[in-house]
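Chain by chain, the residues run as shown.
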Amino acid sequence: MTGQDPVFRLAYDGTFADYRALLRARERLGWLRGHGRWLRYPFVTGLFMATLWWLGALSASRQAVATTDIVQWVFVLIVIVALVDILFEHGIGRWVYSRYAAADRPVAVSVDAEGVSWNVDAWSGRFAWSAVRNSVVTDDCLFIFIGKLEAITLPRRGLAGGDWDGLLAFVTERLPAPPVRG
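Scope of this entry: the structure provided in the associated data block. (Residues numbered from 1 in each chain as written. Predicted model: local features only at pLDDT ≥ 70, side-chain atom pairs only at ≥ 80, totals over all residues. Heavy atoms only, no water.)

So, on to the packing of aromatic side chains. Per the counting criterion, the structure on display carries seven aromatic pairs. Considering the side-chain rings of Trp118 and Trp123, the 6.1 Å spacing of their centres and the 65° angle between planes classify their relative orientation as edge-to-face. The buried category is assigned to Trp118, whose relative accessible area is 12%. Relative accessible area serves as the criterion here: at 43%, Trp123 is assigned to the partly exposed category. Seen from the ring of Phe170, Arg174 lies directly overhead, with NZ or CZ sitting 3.7 Å from the centre. (Phe/Tyr/Trp six-rings, centres within 6.5 Å; stacked < 30°, edge-to-face > 60°. Buried < 20%, exposed > 50% of the residue type's maximum accessible area, 1.4 Å probe, protein only. Lys NZ or Arg CZ within 6 Å of the ring centre and 35° of its normal.)

So, about the pattern of salt bridges. Applying the stated criterion to the full structure yields four salt bridges. Close ionic contact of Glu173 with Arg174 constitutes a salt bridge, the shortest N to O distance being 3.1 Å. Judged by relative accessible area, Glu173 falls into the exposed class, the value being 62%. (Salt bridge = Lys/Arg side-chain N within 4 Å of Asp/Glu carboxyl O.)

Below, the discussion takes up the side chain of Ser117. Residue placement: Ser117 occurs in strand E3 (residues 115–120). There is a polar contact of 2.4 Å between the side chain of Ser117 and the side chain of Arg126. Apart from the residues within four sequence positions on either side, Ser117 is in contact with Ala108, Val109, Ser110, Gly125 and Arg126. (Helix = DSSP H or I, 4+ residues; strand = E, 2+ residues; numbered from the N terminus. Polar contact = N/O pair within 3.5 Å; in protein donor to acceptor, adjacent residues only side chain to side chain. Contact = heavy atoms within 4.5 Å.)

Of all hydrophobic cores here, the largest spans 24 residues; its most connected members are Val109, Val111, Trp129, Ile144 and Val171. If you list the elements that add at least two residues to this core, you get strand E1 (8–13), strand E2 (106–111), E3, strand E6 (141–145), strand E7 (151–155) and helix H4 (164–174). Sorting elements by how many residues they give to this core places H4 first, with five residues. When residues no more than four places from it in sequence are discounted, the contact partners of Val111 are Pro6, Val7, Phe8, Leu10, Val116, Trp129, Leu154, Leu167, Phe170 and Val171. One finds Leu22, Cys141, Phe143 and Phe145 within the second-largest nonpolar core, a separate group that totals seven residues. (Core = buried A, V, L, I, M, F, W, Y, C linked by side-chain atoms within 4.5 Å.)

In structure tokens:
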């Protein structure tokens, strides 16, 4: 090496899978650390059972509501919540994704000692390492958050040269905190 800091270049096409991975990474930064997605089912079921108890349907003196009816309603409620979840993730999620500037477009990213630069069609930007708020790393991507919602996605598949471990080490040295594992 000549004493210069390396420059890592990535080129990839933004995909819906990248968008979904970004949403999951954002969830990893929340106070439930990504577990809230699956905790909603027991929470809704518990809320439903508490409502039935409050309305008196679960009291011993109430014979009108059979236990099998309650189990059936809990099952129906879980199925409805799952269907709504699928609708939002795939149906509405695809619509939201289609509105992003990088949706299904080529993305070029450059990572160097000064910061990160990106280019999507005629839209481009650069930020210094001091602007990074958080980061999440998965097996396939590194997400560098510059805000609560905004992040730059660095997918392994787009890395020129294929030195994923070198990129992770280089970026981790410059981050305010180690990346959250996703």
